[in-house]
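# Summary of structural features
The chain contents come next:
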Amino acid sequence: MIKGIVTDIQRASVHDGPGLRTTVFFKGCPLHCDWCHNPECIAFPPQILAYPEKCIGCGMCEEGCFSGAKVPCGKEMSTDEVLSQILLDKDYYGNEGGVTFSGGEPFSQPEFLSELIDKSKAEGVHCAVETSLITYHEEILKKLDLVMADLKIWDDDLHKKHTGVSNKIIKEHFIKLNTLGIPIIARTPVIPEIEQGIEEISAFLHSLENVIQYELLPYHPLGESKRVALGQPKTEFTVPSKDYMKELEHYVFVR
Amino acid sequence: MYSYAERLKALRETKIEHTLIKKEQWGYTNIDDFGTVPISPDYEVEPWYNSTNGSFYGFDGMCENFVRVINAHEPYVDPNEMLCGRWRDMLVNYRGDVHFLPEWLKKKPKTMELMKGVTSQWSKRWDEQRFPYDDLKPLQKKYNIVTGIDSDSHLTCDFTIGFELGWGGLLEKVRKYREINTDKKDFYDAEERCILAIMDFIQRHIDKIKEMIAGETNPEIKKNLETMCQACENVKYDPPKTFHEVCQWTAFRNCASRIYTRDGSGFPLDVLLYPYYERDVKAGILDDETAKFLIANLLLIDPHFYQLSGVDENDRDLTNHLSYLVLDAADSIDIACNLTVRWHENCDKNFMKKAVYYLCKNKNGWPRFCNDASLCEGYMKNEGIDKKTARERVAVGCNWMCVPGKEFPMNDVVKINIAKVLDEALKDMKEEENKSIDRLFELYEEHLKKAIEVTAAGINLHIEHQWEVTPELIMNLFMKNTIEKGLDISQCAELYTVGIDGAGLAIVADSFGAIETRIVNEKLLSWDQLYEALDDNFANERIHAMMQSAPKYCQGGTVSDAWAKRLTDSWVKAIKGQKMPEGRQLIPGWFSWARAIEYGATVGATPNGRRKGEPISHGANPVPGFRKDGAPTAQSNGIASIQCGYGNAAPLQIEFDPQIALDEKGVDVILNLIETHFKQGGTLININVLDKEKLLEAHQDPSKHPDLVVRVTGFTAYFASLSPEFRQLVVDRFLEGI
């Protein structure tokens, strides 16, 4: 059975797609977005999150930490192990809810993702994915009920600067994905410090008929404590004001 | 301006003002709001004591003091209302329950002197001089049992008896049967005096309204007072005939019953009042706006527990237009309402959605939801209960159900703290050489059996002598067989299905789970190390963290989830195995009421990492922080899996982030959660949708948000009326839940 590295499985989520969902966080992502709110999902190998303020000074780290001062992040799990967690809430998914494969970048563990989708679909669970679209696995994408994908910055140089990769291929993948007939929810995290070109992004996405919704997600600093726990420097981004979000409101759409 | 909207606004303001004054007068109550109004400065009752115990008992004692207290109640008439009447004080305040005396009463030296009495009983509500139970006390204390001995009013009246007869009809009935059962004169005399005192109470309202009419210049207000006066005159003797009258009749009846024993059990509000509504609408004397205002007024007068919706004995939906109007009315007044929506798969889906919508919109903890199927089918598993009877059983108590007029259930007043039972089992095993988890469970079951035996003995004592101590003189009027036979309901109920709740399930399940994980499976800890940790209250932080981080009940598929089920099976088997006399049956449930702090105080450190004296878990809930994501679905699955059956509840108590509840998606998600929990066999759901900022502000300074209502357990309460410790518990539960 195929195994993958998972950082967390969050149940009863209402922010990762329609209805009530279980979100499976895959570890590892080819992008390195400066504002990433799941920084523990960027590196592929398992890591340790360190919270020294919780240390009780027992000096027995090697025998296992129970105080929460050192939290292992990233666990190898089989698809059946993950599936059993997904199925715990099957009764609550209703017509809209289901599972969302997120991360990290779920398509960076394609075989694992593919088998998880197959097994979930066989149980009648609605499957969605949150992806950067940096890769394009058509056979896997075709199996999904919903794709949630980001287009973070319009200008390629800025995109490279803040995410570490070019967005040309991402735009191409959006266009290809659009031909598959799968509903797409496109999103942009709003970072006030960056000229993201939201107007251009919105116009581009509007031209793709399968993008059923375009959302703007205000940056939030929830990733900061994890960044510290990983021994990484904090970022300097600010939460967009309500006024700023209101200014951008006319770029979002639902159809 | 004298529109309904303006009047409601004024009534809400008065309510807030009353809540703040009551907090000063009563101190922290940690209980239901009850709808009482403040005590006036010159209010004073001189109780009559018929026992040297410093208390009063029996037909004469209860009747005489009821008459004195209700007579001392001045009429309450607010021209903004359509109904009148309020209560302020209750008999139990004068029965030597000195630990729970309201602050205002402590300032009445004469009464305090009278109450001293000769015994040093903790509570004098029970006549221990005549009916002692010293033989039971050691074990009751050992297992931290809430015995139910001296408890009152935890049963439900058949309101239709009152609706059909009115006070005059009830009086005639009492007089008629006094002639037949000549040996029961004391009983009938007491019942008669109570009815006459209630009639006087109504008459004083009529007099007061007339006085106000005479001095009123505003024609609209004058007309309102005249209508109010007419309704009171019509229901003083005769049965209520209109929707307005049946609401007014209920208001007076509830005031009287509350004064007597705090009885808060209502009735299926939509079903029983619908014929009056329909008749008046057809006659052109009632419109929906007026009906809503009257219901809002009734809910304001007293937050009795009312049931809405449900199905009849043929599984037909009982939701009617009035069900919707009650929700709208509750929304318009938006106070501490105790409305329970009875869910069944045949019930009107739109109604259910509307009920959830109001829960999300107002964030005041109402309504809550109960599951017809599991409660009804469960109750039918008891001996001699058919479907018709099970369906008649309505959700009109804090966490409990009752067959109106027929059942004597003592529900929610008998509890065993199983964390204390575990405590005793641990102590026993400490002395043994061969320690094992199986042996611990064996000892736990032995202690549990003893705890149940002594609890049953207490219940039997209570039922046998309740009529001589606290006869239910007001509730008897609305029960079957009581007046006919000249007997108190405790003596002649058709059904004695008595609820026993276990408290501390999560603590015990997690304790066994932690032992199985850390000692048995991983061998990280020895029994000696565990005992050392329990003895020194987890001075070793590493062992503390190790046990605290062990798998927990409600995480889903954990060893502690399995233990919770095993503990439930054991609990049900032990309760159902307890022999009871006279056709009495015990019904197991999981519920701690609001006693998590009090119960925890008596329990030593437990193997799940809980330190000595810390609160135990709440009801059937997992411990706070049971999962990082706090997933309500995980909690729902866990609680659905530990239902005891037999018609008693193990409630799901969840707190929701209002962010979830803001849009239609939130309503759908919550409704889906409710339906799924019930399809899985859940019994009762209490939901708080709370605004974090407002809650924290009110915790710091309760006077900032005197209108904030929280669902504490089965009941809702004004946050400002809770003690700081209690508020902390609600805050912790909420912060862990989001």
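Report on the accompanying structure. (Residues numbered from 1 in each chain as written. Chains lettered and ligands numbered in written order. Predicted model: local features only at pLDDT ≥ 70, side-chain atom pairs only at ≥ 80, totals over all residues. Heavy atoms only, no water.)

### Regarding the overall build of chain A
Looking only at helices and strands, one finds eight helices and 11 strands in chain A. Here chain A has a C-alpha radius of gyration of 19 Å; the compact-globule value for 255 residues is 18 Å, and the two agree. Counting only C-alpha atoms, chain A reaches 60 × 45 × 30 Å along its principal axes. Residue burial in chain A is summarised as follows: out of 255 residues, 53% are buried. Once local pairs closer than 6 in sequence are excluded, the contacts in chain A between residues at least 24 apart make up 70%. When the accessible surface of chain A is totalled, it reaches about 11500 Å², and 54% of it is carbon and sulfur. The averaged location of the 38 negative side-chain charges in chain A is 2 Å from the averaged location of its 25 positive side-chain charges. (Helix = DSSP H or I, 4+ residues; strand = E, 2+ residues; numbered from the N terminus. Rg over C-alpha atoms; globule rule 2.2 N^0.38 Å. Buried < 20%, exposed > 50% of the residue type's maximum accessible area, 1.4 Å probe, protein only. Contact = heavy atoms within 4.5 Å. Areas by Shrake-Rupley, 256 points an atom, 1.4 Å probe, with all protein chains shown as cover. Lys, Arg positive; Asp, Glu negative; His and termini not counted. Charge placed at Lys NZ, Arg CZ, Asp CG, Glu CD.)

### Here we look at unusual backbone geometry
A negative phi angle characterises most non-glycine residues, just as the trans form characterises most peptide bonds. Cis geometry is found at the peptide bond from Gly-103 of chain A to Gly-104 of chain A, where omega equals 10 degrees. A cis amide bond, omega -5 degrees, links Trp-366 of chain B with the succeeding residue Pro-367 of chain B. Looking at where Pro-367 of chain B falls in the secondary structure, it is placed in the loop between α13 (349-362) and β5 (368-371). The phi dihedral of Leu-133 of chain A is positive, around 60 degrees, even though this residue is not glycine. Along the polypeptide, Leu-133 of chain A turns up in the loop between β7 (126-131) and α3 (138-141). A positive phi angle, close to 65 degrees, is found at Ser-153 of chain B, a residue other than glycine.

### Considerations on the interface of chain A and chain B
Of the residues lining the interface, 23 residues belong to chain A; the matching set on chain B comes to 26 residues. Summed over both partners, the interface of chain A with chain B comes to about 1900 Å²; 57% of that surface belongs to carbon and sulfur atoms. Its largest share of buried area at the contact with chain B, chain A owes to Arg-11, Phe-66 and Tyr-92 of chain A, together 44% of the area lost on that side. Seen at the junction of chain A and chain B, the total is one salt bridge. In this structure, Asp-8 of chain A engages Lys-628 of chain B in a salt bridge whose closest nitrogen and oxygen atoms are separated by 3.3 Å. Taken together, chain A and chain B are joined by 13 residue pairs in polar contact (both at pLDDT 80 or more). Residue contributions to the side of chain A that touches chain B peak at five residues, all from strand β1 (residues 3-13) of chain A. Residues belonging to the side of chain A that touches chain B are distributed by class as follows: 12 nonpolar, six polar and five charged. (Buried area = accessible area lost by both parts, 1.4 Å probe. Salt bridge = Lys/Arg side-chain N within 4 Å of Asp/Glu carboxyl O. Polar contact = N/O pair within 3.5 Å; in protein donor to acceptor, adjacent residues only side chain to side chain. Nonpolar A, V, L, I, M, F, W, Y, C, P; charged D, E, K, R; others polar.)

### A short note on the pattern of salt bridges
Per the counting criterion, the structure on display carries 62 salt bridges over all chains. Among the salt bridges present, the one from Asp-150 of chain A reaches Arg-187 of chain A, with a minimum N-O distance of 3.3 Å. Of the two residues, Asp-150 of chain A sits in strand β8 (residues 146-150) while Arg-187 of chain A sits in strand β9 (residues 184-190), which places them 37 residues apart along the sequence. Residue classification places Asp-150 of chain A among the buried residues on the basis of a relative accessible area of 12%. Relative accessible area serves as the criterion here: at 8%, Arg-187 of chain A is assigned to the buried category. The partner of Arg-595 of chain B in a salt bridge is Glu-598 of chain B, and the shortest N-O contact between them spans 3.7 Å. Given a relative accessible area of 49%, Glu-598 of chain B falls into the partly exposed group. Through salt bridges with shared partners, a single network forms among Glu-130, Asp-150, Lys-152, Arg-187 and Glu-215 of chain A.

### Quick notes on the packing of aromatic side chains
All names here are of chain B. For the structure shown, the criterion picks out 40 aromatic pairs over all chains. Relative to Trp-104, the ring of Trp-26 lies with its centre 6.0 Å away and its plane at 75 degrees, an arrangement referred to as edge-to-face. Of this pair, Trp-26 sits in helix α1 (residues 4-26) while Trp-104 sits in helix α3 (residues 103-106), placing them 78 residues apart in sequence. Both residues of the pair, Trp-26 and Trp-104, belong to the buried class. For the ring pair Phe-163 and Phe-267, a centre distance of 5.6 Å and an interplane angle of 85 degrees mean the geometry is edge-to-face. With Phe-163 in helix α6 (residues 159-180) and Phe-267 in strand β2 (residues 265-268), this residue pair connects regions lying 104 residues apart in the sequence. (Phe/Tyr/Trp six-rings, centres within 6.5 Å; stacked < 30°, edge-to-face > 60°.)

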